[in-house]
Amino acid sequence: MVFNSSFMNFFRKKKTSKYPIAGKVAVITGASRGIGKAVAEALAERGAKVVIGDVLDTVGQTTTENINKRYGSHKHKVAVYQHTDVSKYRDLIQLFAVAEKEFGSVDIAILNAGTTKNMNALFTPLDDELEMAIYEVDVGGVVKGNKVAMLHMAEHGGVIVNTASMAGLMPDIYLNAYAACKHAVVGWTRSLAFVNKFAGIRVNAVCPGFVDTDMLNVPREGPNREPYADVAEVAPKTPMPVVVEAFLRCITDPSLAGDLLLALPDGVKKQPPYRPPESLTNKQMEERRVKYERELKAKDKAELAEAVKRFKATGR
Ligand SMILES: NC(=O)c1ccc[n+]([C@@H]2O[C@H](COP(=O)([O-])OP(=O)(O)OC[C@H]3O[C@@H](n4cnc5c(N)ncnc54)[C@H](O)[C@@H]3O)[C@@H](O)[C@H]2O)c1
């Protein structure tokens, strides 16, 4: 069979063409300030509608107003704020519902909210709630946010970007609980590469190095002195435009799924995929894996359709 060149070009173009930002609707958590705010502004500048969810309401409302003043018109707003504690399904479900109600869709979800509260947990009191608080936000906020986002994207596809950290790839002798959380975000994101194959939803993560935001504002003096502050003060910083570029690439590059982009002081770099030691696998296992992936793809596809039905019927 002979295909003419314009027919072949259509497929070539489709494979490499960038995912467009203009006209898309993005939900962003933790965007009242810092990295989330910079990403929300960059998306609005490129023609997206943004829905910001945060616990810092006054700051978030000001950020939203400024985005509307700059990129909207008095007839058409381009940004909306919704109070959201990312550790709560109730709030996340509401946040995504607001995006559908205000702008008719959810195409991009950025699960960026994070905290360093109790980041060093080695010798804190043996208290269940205190122990898990950082995991509820830094891990729970990402996992729960991804699950709600996938239900909204199931019928038309989309892109999810999680904010991890370089602390998700390296040990840290001081930020032990924070590093554990960010390792979890990395593991979760890489494990979700498969979702693109059956649902057309790409899930990626950005791992920034040190970025000059309020998060680095830790006390250097007094009873609450954090010894880590001395290191953070002089550490090479990733400029905010580099961090934003990493998020935009995660969104627009159709070849990225289950990938990590490092936002480093000298630019954006793609983290190579993890290659397991050879002794962990063999030919027979690899052959079975092909069949397993085929089966899983069909199973996951059916389960996602079922989950969407349940969500529409019960809100859960
Ligand atoms: N600043 C850095 O050096 C750095 C480096 C690597 C990764 N990160 C990650 O980047 C993300 C953004 O941090 P940032 O540097 O902009 O700091 P930031 O403190 O300025 O921003 C964090 C935002 O998350 C919000 N937030 C916290 N808890 C929340 C909750 N329960 N529900 C909803 N929102 C909540 C805060 O109110 C704030 O607006 C975080 O996930 C952080 O871990 C930061």
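Whatever comes next refers back to the structure up there.
The shown structure was predicted, so the numbers you read here are calculated from the model rather than taken from an experiment.

Draft legend 1. Focus on the pairing of strand β1 (residues 25-29). With five of five residues buried, β1 is to be regarded as a mostly interior element. Side-chain alternation along β1 places V25, V27 and T29 on one buried face and A26 and I28 on a second face that is also buried. Direction of pairing for β1 relative to strand β2 (residues 49-54): parallel, over a ladder of five bridges. Its bridge partner being in β2, V27 is matched across the sheet by V51. Once you follow β1 into helix α2 (residues 34-45) and on to β2, the crossover reads as right-handed.

Draft legend 2. Examining the site of the ligand more closely. In the vicinity of the ligand, 28 residues are found, and the nearest of them are I35, D54, N112, Y178 and T213. A distance of 3.3 Å separates a nitrogen atom of the ligand from a polar backbone atom of T84. Here N112 contributes a backbone N or O atom positioned 2.8 Å from an oxygen atom of the ligand. Those elements that place two or more of their residues in the shell around the ligand are α2 and α6 (176-191). In the shell around the ligand, the residues fall into 13 nonpolar, 10 polar and five charged.

Draft legend 3. Looking closely at the sheet that holds strand β7 (residues 260-264). Spatially, the eight strands line up as an open sheet ordered β3-β2-β1-β4-β5-β6-β7-β8, and their pairing is mixed. Strand pairing shows two members of the sheet lacking a second neighbour, β3 (79-83) and β8 (267-270), which therefore form its edges. Along the sheet, successive strands turn relative to each other by an average axial angle of 20 degrees, direction set aside. The sheet contact formed by strand β4 (residues 108-111) and strand β5 (residues 158-163) spans four bridges and is parallel. Counted as the bridge partner of I108 is V159 from β5. The sheet strands contacting helix α3 (residues 57-71) are β2 and β3, and the helix crosses β3 at an angle near 170 degrees.

Draft legend 4. Focus on α6. Given a rise of 1.5 Å per residue, 16 residues ought to cover 22 Å, and the 23 Å separating the end C-alpha atoms of α6 matches this to within 8%. Those residues of α6 lying buried are A177, Y178, A179, C181, K182, V185, V186 and T189. Here the buried face of α6 lies against α5 (128-153), β5, β6 (201-208) and β7.

Draft legend 5. Quick look at the packing of α5 against α6. Between α5 and α6, the shortest axis-to-axis distance is 8 Å and the interhelical angle comes to 15 degrees. The angle between α5 and α6 places the two elements in the roughly parallel class. You can see that α5 and α6 cross each other, and the crossing is right-handed. Counting all contacts with α5, which are made through I134, Y135, D138, V139, V142, V143, N146 and K147, the residues of α6 involved are A177, Y178, A180, C181, A184, V185 and W188. Looking at the contact of α5 with α6 residue by residue, the classes come out as 12 nonpolar, one polar and two charged.

What counts, and where the lines are drawn
- Residues numbered from 1 in each chain as written.
- Predicted model: local features only at pLDDT ≥ 70, side-chain atom pairs only at ≥ 80, totals over all residues.
- Heavy atoms only, no water.
- Buried < 20%, exposed > 50% of the residue type's maximum accessible area, 1.4 Å probe, protein only.
- Helix = DSSP H or I, 4+ residues; strand = E, 2+ residues; numbered from the N terminus.
- Pairing = 2+ DSSP bridges.
- Right-handed = clockwise from strand over helix to strand, strands pointing away.
- Near = heavy atom within 4 Å.
- Polar contact = N/O pair within 3.5 Å; in protein donor to acceptor, adjacent residues only side chain to side chain.
- Nonpolar A, V, L, I, M, F, W, Y, C, P; charged D, E, K, R; others polar.
- Axes fitted to C-alpha atoms, helices over the stretch in contact; angles between N-to-C directions.
- Contact = heavy atoms within 4.5 Å.
- Expected span 1.5 Å × (residues − 1).
- Parallel < 35°, antiparallel > 145°, perpendicular 65-115°, else oblique.
- Left-handed = near helix turned anticlockwise from the far one by under 90°.

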